[in-house]
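Architecture at a glance
Spelled out from the first residue to the last, the chains are:
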Amino acid sequence: MEDKSIFLLPNSQKFVELDSSQAFTKLTKQEKLYAHYLSQAAWNGGLIVLLQTSPESPRIFSLLHRIFKSEGLADLKKVSLGAGVSEDDFQAFLVYAGGLFANSGNYKGFGDTKFIPNLPKECFEVIVKSSKAFKNDEAHISKLWENTKNAMYSTAPRLASLGLADKGITTYFSSNCTEADSTLVNDWMKTKRIEAYICRTFKTTADDGLPLYTIHLASVEKSSKPPLTMDKEKYKNAYFQVTRGDYSPLLSLVNENLAKAMEYAANENEKNMIKHYINSFKEGDLSEHKEGSRFWVKDKGPIIETYQGFIETYRDPSGQRGEFEGFVAMVNKDMSKKFGELVHGAENFIKLLPWGEGLEKDSFLRPDFTSLDVLTFSGSGIPAGINIPNYDEIRQNEGFKNVSLGNVFPAAYKESVIPFLSDSDKVLLEKYRVAAFEVQVGLHELLGHGSGKLLRQNADGTFNFDKEKVKNPLTGKEIESWYSEGENYDSKFTTLGSAFEECRAEAVGLYLSLRPEILKIFGYEGQEAEDVMYVNWLSLLWNGAAKATEMYQPATKTWLQAHARARFVLMRLLELEGNGILTVTEVDPGKNLLLTLDRKRLATDGKRIVGDFLVKLQTIKSTGDVSSGEQLFTRLSSLEEPWLRWRDIVMMHKQPRNIFVQPNTVLKDDDVVLKRYEASASGMVTSSVERYTLAIDDALESLAAQDQQYFEELSKLAI
């Protein structure tokens, strides 16, 4: 019998408050209004992720939202218990709802695996039919339940995780698309120089029986508008066309709130940023979002920081289509001062990296680097740090920003358990893990993602590097591969891209955290600096061994999360090439592991191994050598014995990730107040439900109905 426990969020699921109250109270009235309307835009845009996750997610959201909107939780609980539902089952109902709201769908934002209700389907139905929403509109709620219940509970192999074709479920492509379809679509888009950030692809059949691929752009406007939209044309025995209007009603709400936020912007850069974002979301024009991003990069040191749009490509099986994400945050001045000092020294620190100036940018574009307290973060999950924009031409030539989300990490690891370490290492990790992570985030974002050059041939045939002087550090010979016009990192590295780049950035963090002058910037010297450095290495490598393999799917031999794969690769690198610098042993057969790290060798052997690896990573990235990257990562991220067996031990010790309960901003008289919620499943549900009116549910159901024809195969699998 199938073990469904791995798909459940336990009733003991931990919810933690993402507290931004101190920073919010220091804002002026104008700043609060700016933050409020930006938050409203982000929350409405974040609903797009439901449609980007699974066919059933929008309807499950609507079902739950309608139920909770119709009556208070206490009343719903009372009537449900009266109908025979147990306390445990009602709590499981709340936990499932909280998980769905937090992940913007029924697949985990970190790991991309499905989660299902931890109560029998019959009990779930009793709660649905006990609700006031059901009594007020029996036909509609019954239809929603019937349309979602099978998909909600199904753990059929293809529905167990996100992926393409037989490896999982995706809504970035219609369910009849395979990897071959994805490759063909990407090839055609390259010929048209279309970047995929804001699109989805649906495959149907043309009148003559050939495949017809419709590239659907996200926009408010739905009509044809060349050259953004394109009429049907033939390419490699298939037809292609570009239309727009995806997510239209939700993007319309985003733009309404962005327009209101613009009235309270602090300067022209912020106004121009918002203006171009509005144009992009209205028209489906990615170039407008890039223009908005340019103004965002120019807006140095704002009190309120925000970035919104189709940004991270982790969940697209081909690594190119962006999930909607929106954040609003306030500057933490004390930590930002430390990051500012790191930026000040960045040009010298980059020279310490081992790949040489030939593979480094011609000049370091000094970015803004701030520590932020998150007020609002919409999407499938909240990272601890961000380096954006992701557009190559802006990052390489104009600049970027780094942000560390300072109130995220302490909450994420609140009261967490640490397996597989000695008692002394546990004590150090508990004492310094937040401090070490702040250092790692700074180095990872600024000097990891912010370093390195892509070698490119321009449209006129010239190169952005000296072919005579720049040599391949791995061979000592001339550079033999590069990026052509119209190619970027995501389009070239596709499915490998995210994990490869995260690994490079993490390795930079390890390598540079060995430098005392960098640790001094963060306030650590002497023995304390030694301990923070050691914990930084220990924490990352422990994550690679103790947490990362949770994100590996043995059935399909695929990694479900880029950061997890990256950390596993670094852990295996040290294990395989370190001659005992890192060891993992099975101390209790079938039950427990022990990871040990020789701290005395980190500054010597550790530095050498990671440094040599960084040269490989940067050379492969700079030259666009995808095949070498694939070979390297296949070798280091394949789960062979004993790791395949040890994954079972890791799963035995698995703990659910903490779920963040975020506040809401509420207009009151002529001011904005921050409404906080308790750190519990009920607090999570209440905070989520209060963000939206019932009109949102109508929009989501309408959009899900439009999509349904493209995902009929998945619907059949759920029965």
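Above this text sits the structure in question.
Bear in mind that the values here come from a model prediction, so they are computed numbers and not experimental data. (Residues numbered from 1 in each chain as written. Predicted model: local features only at pLDDT ≥ 70, side-chain atom pairs only at ≥ 80, totals over all residues. Heavy atoms only, no water.)

**Observations concerning the overall build of the chain**
- Within the chain, the regular secondary structure consists of 28 helices and 17 strands.
- For a compact globule of 719 residues, the expected C-alpha radius of gyration is about 27 Å, and the chain comes in at 25 Å, within 12% of that figure.
- Dimensions of the chain along its principal axes, counting C-alpha atoms only, are 75 × 60 × 55 Å.
- For the chain, the proportion of its 719 residues judged to be buried stands at 61%.
- For the chain, restricting intrachain contacts to residue pairs at least 6 apart in sequence, the fraction spanning at least 24 positions comes to 76%.
- Split by element, the accessible area of the chain, about 27600 Å² in all, is 49% carbon and sulfur.
- One finds the centroid of the 86 positive side-chain charges in the chain at a distance of 1 Å from the centroid of its 99 negative side-chain charges. (Helix = DSSP H or I, 4+ residues; strand = E, 2+ residues; numbered from the N terminus. Rg over C-alpha atoms; globule rule 2.2 N^0.38 Å. Buried < 20%, exposed > 50% of the residue type's maximum accessible area, 1.4 Å probe, protein only. Contact = heavy atoms within 4.5 Å. Areas by Shrake-Rupley, 256 points an atom, 1.4 Å probe, with all protein chains shown as cover. Lys, Arg positive; Asp, Glu negative; His and termini not counted. Charge placed at Lys NZ, Arg CZ, Asp CG, Glu CD.)

**Notes on unusual backbone geometry**
- Cis peptide bonds are those with omega within 30 degrees of zero, and the linkage from Pro226 to Pro227 qualifies with 5°.
- If you trace the backbone, Pro227 turns up in the loop between β3 (211-218) and β4 (230-235).
- For the bond running from Ile388 to Pro389, omega is 5°, close enough to zero to count as cis.
- Relative to the assigned elements, Pro389 resides in the loop between β9 (385-388) and α16 (392-397).
- Phi at Lys557 takes a positive value of approximately 55°, unusual for a residue other than glycine.
- You can see Lys557 is positioned in the loop between β11 (552-553) and β12 (558-559).
- Judged by relative accessible area, Lys557 falls into the exposed class, the value being 67%.

**Observations concerning the pairing of strand β10 (residues 401-405)**
- When you tally the buried positions in β10, you get five out of five residues, the bulk of the element.
- Residue alternation in β10 divides its side chains into two sets, Lys401, Val403 and Leu405 and Asn402 and Ser404, and both sets are buried.
- Sheet topology note: the strand β8 (residues 368-378)/β10 ladder contains five bridges and is parallel. Bridging from a neighbouring strand, Asp368 pairs with Lys401 of β10.
- Examined bridge by bridge, β9 and β10 share four bridges and lie antiparallel to one another. Its bridge partner lying in β10, Ile386 is registered against Val403. (Pairing = 2+ DSSP bridges.)

**Describing helix α21 (residues 526-546)**
- Over its 21 residues, α21 runs 29 Å from end to end, which matches the ideal 30 Å to within 8%, given 1.5 Å per residue.
- Within α21, 17 of the 21 residues are buried, which leaves it mostly tucked inside the rest of the structure. (Expected span 1.5 Å × (residues − 1).)

**Overview of the packing of helix α23 (residues 602-623) against helix α24 (residues 626-637)**
- At a closest axis distance of 9 Å, the pairing of α23 and α24 adopts a crossing angle of 140°. Viewed along their axes, α23 and α24 adopt a mutual orientation that is oblique. For the element pair α23 and α24, the recorded crossing hand is left-handed. Contacts between α23 and α24 involve Phe613, Leu617 and Ile620 from the first element and Ser628, Gly629, Leu632, Phe633 and Leu636 from the second. (Axes fitted to C-alpha atoms, helices over the stretch in contact; angles between N-to-C directions. Parallel < 35°, antiparallel > 145°, perpendicular 65-115°, else oblique. Left-handed = near helix turned anticlockwise from the far one by under 90°.)

**Comments concerning a negative patch on the surface**
- On the surface, Asp466, Glu468, Glu478 and Glu480 cluster together into a patch of negative charge.
- Note that Glu480 resides in the loop between α18 (423-449) and α19 (489-512). (Patch = residues over 30% accessible without salt bridge, like charges linked within 9 Å, V, L, I, M, F, W, Y side chains within 5 Å. Salt bridge = Lys/Arg side-chain N within 4 Å of Asp/Glu carboxyl O.)

**A short note on the environment of Met335**
- Following the sequence through the fold, Met335 ends up in helix α14 (residues 333-344).
- Setting aside residues no more than four positions away along its own chain, Met335 makes contact with Ser371 and Glu438.

**Description of the pattern of salt bridges**
- The full count for this structure, using the stated rule, is 40 salt bridges.
- With a closest N to O distance of 3.1 Å, Lys149 and Glu146 form a salt bridge. With a gap of three residues between them, Lys149 and Glu146 both fall in helix α9 (residues 138-153), about one helical turn apart.
- Taking the relative accessible area as the measure of exposure, Lys149 reaches 17% and is therefore buried.

**Focus: the side chain of Ser174**
- Within the secondary structure layout, Ser174 lies in the loop between α9 and α10 (179-191).
- Polar side-chain contacts of Ser174 include one of 2.6 Å to the side chain of Asn176.
- Apart from residues no more than four positions distant in its own chain, Ser174 is found in contact with Thr201, Phe202, Lys203, Tyr710 and Phe711. (Polar contact = N/O pair within 3.5 Å; in protein donor to acceptor, adjacent residues only side chain to side chain.)

**Points about the sheet that holds strand β2 (residues 199-205)**
- The strand order β2-β3-β5-β4 describes an open sheet built from four strands, whose pairing is mixed. Among the strands making up the open sheet, the edge pair consists of β2 and β4. Direction aside, the axes of adjacent strands within the sheet are offset by 25° on average.
- With four bridges connecting them, β4 and strand β5 (residues 238-246) associate as antiparallel partners. Residue pairing across strands places Tyr235 opposite Ala238, the latter belonging to β5.

**Considerations on the nonpolar core**
- Among the nonpolar cores identified, the biggest contains 119 residues, and Leu64, Phe68, Phe93, Phe101 and Phe124 are the most heavily contacted of them.
- Considering every element that reaches this core, the biggest residue donor is helix α6 (residues 87-103), with nine residues.
- Dropping the residues within four chain positions of it, Phe124 is found in contact with Leu64, Phe93, Tyr96, Pro117, Leu119, Trp145, Met152 and Tyr153.
- In terms of nonpolar packing, the next biggest core, distinct from the first, is built from 96 residues, Phe364, Leu428, Leu447 and Ala566 among them. (Core = buried A, V, L, I, M, F, W, Y, C linked by side-chain atoms within 4.5 Å.)

**Description of the packing of α21 against helix α22 (residues 562-577)**
- In the contact formed by α21 and α22, the axes pass within 7 Å of each other and the chain directions differ by 105°. Considering their axes alone, α21 and α22 lie roughly perpendicular with respect to each other. From α21, Trp537, Leu540, Leu541, Asn543, Gly544 and Ala545 reach across to α22, where they touch Arg567, Phe568, Leu570, Met571 and Leu574.
- When grouped by side-chain class, the residues that make up the contact of α21 with α22 number eight nonpolar, two polar and one charged. (Nonpolar A, V, L, I, M, F, W, Y, C, P; charged D, E, K, R; others polar.)

**Regarding helix α7 (residues 121-130)**
- Buried residues of α7: Cys123, Phe124, Ile127, Val128 and Ser130, and no others.
- Turning to α7, the residues buried within the fold contact α4 (57-70), α5 (73-82), α6, α8 (132-136) and α9.

**A word on the environment of Tyr277**
- With respect to the helices and strands, the residue Tyr277 is situated in helix α12 (residues 268-283).
- With a relative accessible area of 2%, Tyr277 lands in the buried category.
- Residues Tyr277 and Gly292, spaced 15 residues apart in sequence, show a C-alpha to C-alpha distance of 5.7 Å.
- The residues touching Tyr277, leaving out its near neighbours within four places in the chain, are Asn255, Leu258, His289, Gly292, Ser293, Trp296, Tyr307 and Gln308.

Purely spatial values, then, with no claim about function.
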